[in-house]
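# What the coordinates show
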Amino acid sequence: MFIVGICGSPRKKATEYVLDKSLEDLKKQGFETEMFTVRGKEINPCRHCDYCLKKKECVMKDDMFDVYDLLRKADGIILASPMYNGSISSQIKAVMDRCRALGAEDINLLKGKIGMSIAVGGDRAGGQELAIQQINTYYILSGIIPVSGGPFGANLGATLWSQDTLEGVKKDEYGFKTLNKTLKRFVEFLNYYKQ
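Presented here is a report on the structure given in the accompanying data block.

Reading guide: rules and limits
- Residues numbered from 1 in each chain as written.
- Predicted model: local features only at pLDDT ≥ 70, side-chain atom pairs only at ≥ 80, totals over all residues.
- Heavy atoms only, no water.
- 1 Å grid on protein atoms, 1.4 Å probe; cavity = no way out; pocket = protein on both sides within 12 Å on 5 of 7 lines; lining within 4 Å.
- Points joined across faces, edges and corners; volume = space filled by probe spheres on them.
- Helix = DSSP H or I, 4+ residues; strand = E, 2+ residues; numbered from the N terminus.
- Nonpolar A, V, L, I, M, F, W, Y, C, P; charged D, E, K, R; others polar.
- Disulfide = S-S within 2.5 Å.
- Buried < 20%, exposed > 50% of the residue type's maximum accessible area, 1.4 Å probe, protein only.
- Pairing = 2+ DSSP bridges.
- Right-handed = clockwise from strand over helix to strand, strands pointing away.
- Phe/Tyr/Trp six-rings, centres within 6.5 Å; stacked < 30°, edge-to-face > 60°.

## A few points about empty space enclosed by the protein
Inspection of the entire model under this criterion finds 2 cavities of 30 Å³ or more. In this model, the largest cavity occupies a volume close to 100 Å³. Surrounding the largest cavity, 15 residues form its lining, Cys46, His48, Cys49, Cys52 and Cys58 being those nearest its centre. When contributions to the lining of the largest cavity are tallied by element, the ones reaching two or more residues are helix H2 (51-55), helix H4 (90-98) and helix H5 (100-105). Of the residues that constitute the lining of the largest cavity, the class distribution is 9 nonpolar, 1 polar and 5 charged. Each pocket or cavity is described by its volume, and for the second largest cavity that value is around 40 Å³. Along the walls of the second largest cavity sit Ile6, Leu71, Ile77, Leu79, Val95, Met96, Cys99 and Tyr138, which together make up its complete lining. Among the secondary structure elements, those contributing two or more residues to the lining of the second largest cavity are strand E3 (76-82) and H4.

Here's what the structure looks like:
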């Protein structure tokens, strides 16, 4: 099975580190994985121009077309976002919004894929749960099955505290506990639904 991880941080810091660790763990379990990072890429915001509804593709020819290819073949999707003003980054929001073109191509293209969320904040309570809810809303609207870490420690998903540094996130034992719980359920859902 193929898992794509999309990092919504324009910096090579905590969020990318956590997503990379997640994909490494999945690779050790036998999954094929690939990371796409928005860092250094051109992904314009959706114009909601309806070109995709008529032509079945996005009017903007940028790096989002690489994301489309990855999402088409993915069995599982991990969206990872840093916290910007208590919410997801504008970069990951652009990725989600631009997937309107995939829905225009085929309304069921993402249906049944398994989705997981990672949120990394500079503060312990920096908006991580709200960010996961926003990502999960995107999953639900797209037909993707959202997975949380389950009760007792990771109710909505993986939430980490970076203290605004890469070293800070590496020390967040509790955050990695939420990540591991969420990854465990992600794998359970993949094995159950994608066999």
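From this point, the discussion proceeds with the structure in view.
## A word on the state of the cysteines
Under the counting rule described, the total for this entry stands at 0 disulfides. Cysteine Cys58 remains unbridged, with the sulfur of Cys52 as its closest cysteine sulfur at 6.7 Å. Of the residues examined, Cys58 reaches a relative accessible area of 8% and is grouped as buried. Cys46 supplies the cysteine sulfur nearest to Cys99, a cysteine that is in no disulfide, at a spacing of 10.0 Å.

## Regarding the pairing of strand E2 (residues 32-37)
The sheet contact formed by strand E1 (residues 2-7) and E2 spans 6 bridges and is parallel. When the sheet's bridge partners are listed, Phe2 is paired in E2 with Glu32. The handedness of the E1 to E2 crossover, carried by helix H1 (residues 14-28), is right-handed.

## A look at the packing of aromatic side chains
Applying the stated criterion to the full structure yields 4 aromatic pairs. Aromatic side chains Tyr138 and Tyr139 sit 5.8 Å apart centroid to centroid with 45 degrees between the ring planes, which places their arrangement in the tilted category. When its relative accessible area of 0% is taken as the criterion, Tyr139 is described as buried. Ring centres of Phe189 and Tyr193 lie 5.7 Å apart, and the angle between their planes is 45 degrees; on these two criteria the pair is classed as tilted. Of this pair, Phe189 and Tyr193 are both found in helix H8 (residues 173-193), 4 residues apart, which corresponds to roughly one turn of the helix. Ring pairing ties together the aromatic residues Phe189, Tyr192 and Tyr193, which thus form one cluster.

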